[in-house]
Amino acid sequence: MSLCILYHTDGCHLCDQAMALLRQCQVDYQLVDIVFKPDLVALFGTRIPVLENKKGQFLDWPFDHYKIEQFLSCKA
C-alpha cells in the first residue's frame, strides 16, 4: 500500500493501537507528532490518531483494516 502519514502524539493509547493496526495491514506510514506544531494541535488535538493519504484526505480514528484499505485505495 501507499505511504501515508499518521498524526499522533506520545502516550496516546489510541495512537498505539492505530500504529499496531497499520503494521498488521503492512501499510508504509510516516509518523508526525502533533505536539511540536501548534497548528497541528489545533487541527488534530481531539481527533488523533488521524491518517492522511497521498491525496491530502484524512481518516479519523476509529478505523479498521477495511476502512484503511478503502481509504488508501484509488477509490478514496
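Residues numbered from 1 in each chain as written. Predicted model: local features only at pLDDT ≥ 70, side-chain atom pairs only at ≥ 80, totals over all residues. Heavy atoms only, no water.

Observations concerning the packing of aromatic side chains
- All chains considered together, the criterion is met by four aromatic pairs.
- With a centroid separation of 5.3 Å and 65° between ring planes, the pair formed by Phe-44 and Phe-58 is classed as edge-to-face. With Phe-44 in helix 2 (residues 38-44) and Phe-58 in strand 4 (residues 58-60), the pair connects residues that are 14 residues apart, well separated along the chain.
- In this structure Phe-44 comes out as buried when scored by relative accessible area, which is 1%.
- Look at Phe-58 and you get partly exposed, because its relative accessible area is 36%.
- Between Trp-61 and Phe-63 the ring centres are 4.9 Å apart and the planes differ by 75°, which places this aromatic pair in the edge-to-face class.
- Following the ring pairs from residue to residue traces out a cluster consisting of Tyr-7, Phe-44 and Phe-58.
- The ring of Phe-58 is capped by Arg-47, whose NZ or CZ atom sits 6.0 Å from the centre of that ring. (Phe/Tyr/Trp six-rings, centres within 6.5 Å; stacked < 30°, edge-to-face > 60°. Helix = DSSP H or I, 4+ residues; strand = E, 2+ residues; numbered from the N terminus. Buried < 20%, exposed > 50% of the residue type's maximum accessible area, 1.4 Å probe, protein only. Lys NZ or Arg CZ within 6 Å of the ring centre and 35° of its normal.)

Details of the sheet that holds strand 3 (residues 50-52)
- Sheet architecture is open: four strands sit in the order 2-1-3-4, paired in mixed fashion. Edge strands, defined here as strands with exactly one partner in the open sheet, are strand 2 (29-33) and strand 4. With strand direction ignored, the average angle separating the axes of adjacent strands in the sheet is 25°.
- Two strands pair when backbone bridges link them, and strand 1 (residues 4-8) and strand 3 are joined in this way by three bridges, in the antiparallel orientation. (Pairing = 2+ DSSP bridges. Axes fitted to C-alpha atoms, helices over the stretch in contact; angles between N-to-C directions.)

Comments concerning the pattern of salt bridges
- Summed over all chains, the structure comprises one salt bridge.
- Asp-60 is the partner of Arg-47 in a salt bridge, and the nearest nitrogen-oxygen pair spans 2.9 Å. Of this pair, Arg-47 sits in the loop between helix 2 and strand 3 while Asp-60 sits in strand 4, and the two are 13 residues apart along the sequence.
- Residue class for Arg-47 comes out partly exposed when judged on its relative accessible area of 26%. (Salt bridge = Lys/Arg side-chain N within 4 Å of Asp/Glu carboxyl O.)

What to know about helix 1 (residues 13-24)
- Taking 1.5 Å of rise per residue, 12 residues should cover 16 Å, and helix 1 covers 17 Å from first to last C-alpha, within 8% of that figure.
- Listed as buried for helix 1 are Cys-15, Ala-18, Met-19, Leu-21 and Leu-22. All buried residues of helix 1 fall inside an arc of 165° around its axis, so they share one side. Seen from the buried face of helix 1, the exposed residues on the opposite side, beyond 90 degrees, are His-13, Arg-23 and Gln-24.
- Packed against the buried residues of helix 1 are strand 1, strand 2, strand 3 and helix 3 (65-72).
- Gln-26, located one to two residues past helix 1, shows a positive phi value of around 55°. (Expected span 1.5 Å × (residues − 1). Arc of directions from axis to C-beta. Contact = heavy atoms within 4.5 Å.)

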